[in-house]
Amino acid sequence: MNYIENEEYNGTNFNEQPLESGEYESCIFLNCTFTTTNLSSYTFSDCEFINSDLSNALLKHTTFRDCIFSNCKLLGLRFDECNPFLLSFRFKDCILNFSSFYSLKIKKLIFDNCKLEQVDFANANLPDVIFYNCDLTASIFENTNLEKADFSSASNFSIDPEKNKLTGAKFSSNNLAGLLDKYLLQIK
């Protein structure tokens, strides 16, 4: 297996020039294209993905440890197929629509100013997750552990408190309606 450390990839289209399989540590992927690329069984540790497109990449058994995604397009990613051991990442200014975190266990996950439309969080264990200024339109929360989660600046979510763990979760008085959707109330 190849081991690559402290490399910077700038503007590379990995559909045309495949990324060598292996383990990447402290690497930077800037303005790169990974759309529909097979990243199965790759390992990324302390890597940064900046202004890159990973939409519909295959992530079966892929390892992400302490990775940061900034201003990335991450449509339809199956994070639930990643290697769950020490899985940790952070998302800032990203579009993650139609992605899945189904049944994942990730503590202190941070989404900062992200679009998370129709994302599957069902059965996930996400204590202390932060949804800072995120749009959660039509995202799925069912049997999800959201204890101490921060939704205070999130919008367009619909969460049934009877079907999710919300102890200690934070909401603002402006977005409480998302907890009452099932009752079909008209809140003004």
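Scoring rules and cut-offs
- Per chain, residue numbering runs from 1 following the sequence as it is written.
- Where local features are concerned, this predicted model is filtered to residues with pLDDT of at least 70; where side-chain atom pairs are given and counted, the filter is 80 or more; whole-chain, interface and lining totals use all residues.
- For the side-chain quantities, the full set of heavy atoms in the structure was used; hydrogens and water were omitted.
- The numbering of helices and of strands both runs from the N terminus, where a helix is a DSSP run of H or I of at least 4 residues and a strand a run of E of at least 2.
- Burial here depends on accessible area, computed with a 1.4 Å probe over protein chains only, as a share of the maximum for the residue type. Under 20% is buried, over 50% is exposed, and the range in between is partly exposed.
- Each salt bridge in this description consists of a side-chain nitrogen of Lys or Arg and a carboxyl oxygen of Asp or Glu lying within 4 Å of one another.
- If DSSP finds at least two bridges between two strands, the strands pair.
- Angular values range over 0 to 180 degrees, each being the angle between N-to-C directions of two axes fitted as lines to C-alpha atoms, with helices fitted over their stretch in contact.
- Definition used in this section: a nonpolar core is a set of buried Ala, Val, Leu, Ile, Met, Phe, Trp, Tyr and Cys residues joined via side-chain atoms within 4.5 Å.
- Note on contacts: a residue pair is in contact if any heavy atoms of the two residues lie within 4.5 Å.
- Polar contacts, as counted here, are pairs of nitrogen or oxygen atoms within 3.5 Å of one another; within protein the pair requires one atom able to donate a hydrogen and one able to accept it, and residues that are adjacent in sequence qualify only if both atoms are side-chain atoms.

Trainee: Is there a simple way to think about unusual backbone geometry in this case?
Mentor: Most peptide bonds are trans, and most residues other than glycine sit at a negative phi. Positive phi, close to 55°, is recorded for Asp-46, a residue that is not glycine. Mapped onto the secondary structure, Asp-46 falls in the loop between strand 5 (43-45) and strand 6 (48-50). Owing to a relative accessible area of 42%, Asp-46 belongs among the partly exposed residues under this scheme. Positive phi, normally seen in glycine, also occurs at Leu-86, with a value near 55°. By the element assignment, Leu-86 lies in the loop between strand 8 (67-70) and strand 9 (89-92).

Trainee: Can you walk me through the pattern of salt bridges in this structure?
Mentor: Close approach of charged atoms allows side chains of opposite charge to pair. A complete count under the given rule lists seven salt bridges for this structure. Measuring nitrogen to oxygen at the nearest pair gives 3.9 Å for the salt bridge that ties Glu-81 to Lys-60. Of this pair, Glu-81 sits in the loop between strand 8 and strand 9 while Lys-60 sits in the loop between strand 6 and strand 7 (63-65), and the two are 21 residues apart along the sequence. Notably, a salt bridge pairs Lys-115 with Asp-135, separated by 3.7 Å at the nearest N-O pair. One end of the pair, Lys-115, is in the loop between strand 10 (110-112) and strand 11 (130-132); the other, Asp-135, is in the segment after strand 11, and 20 residues separate them in sequence. Asp-135 sits in the buried class, given a relative accessible area of 16%.

Trainee: Got a minute to help me understand the sheet that holds strand 3 (residues 22-25) in this structure?
Mentor: Working definition: the strands of a sheet are paired by backbone hydrogen bonds and lie parallel or antiparallel to each other. What the four strands build is an open sheet, ordered 1-3-5-7; its pairing is parallel. Lying at the two open borders of the sheet, with one neighbouring strand each, are strand 1 (2-5) and strand 7. Geometrically, the sheet is characterised by an average inter-axis angle of 10° between neighbouring strands, direction not taken into account. In the sheet, strand 5 pairs with strand 7 via three bridges, with the strands oriented parallel. Residue pairing for strand 7: Thr-43 is matched across the bridge by Thr-63.

Trainee: It is not clear to me how the nonpolar core should be interpreted in this structure. Could you clarify?
Mentor: For soluble globular proteins, nonpolar side chains are generally found buried alongside one another. Counting 55 residues, the largest nonpolar core has Phe-29, Phe-91 and Phe-111 as the members making the most contacts within it. Residue assignment for this core shows that the elements contributing at least two residues are strand 8 and strand 9.

Trainee: I keep staring at the pairing of strand 3 and nothing clicks. Help me out?
Mentor: Each regular strand carries side chains that alternate between the two faces of the sheet. The pairing of strand 1 with strand 3 spans four bridges and is parallel. In the sheet register, Glu-5 faces strand 3, and the bridge partner there is Glu-25.

Trainee: How should the environment of Asn-51 be read in this particular structure?
Mentor: Along the polypeptide, Asn-51 turns up in the loop between strand 6 and strand 7. A relative accessible area of 33% means that Asn-51 is categorised as partly exposed. On a C-alpha basis, the gap between Asn-51 and Ser-41 in space is 23 Å, while along the polypeptide they are 10 residues apart. With near-sequence residues (within four places) excluded, Asn-51 lies in contact with Leu-30, Asn-31, Cys-32, Ser-70, Asn-71 and Cys-72. Among the polar contacts listed, one links the side chain of Asn-51 to the side chain of Asn-71, at a separation of 2.4 Å.

These values are about where atoms sit, not about what they do.
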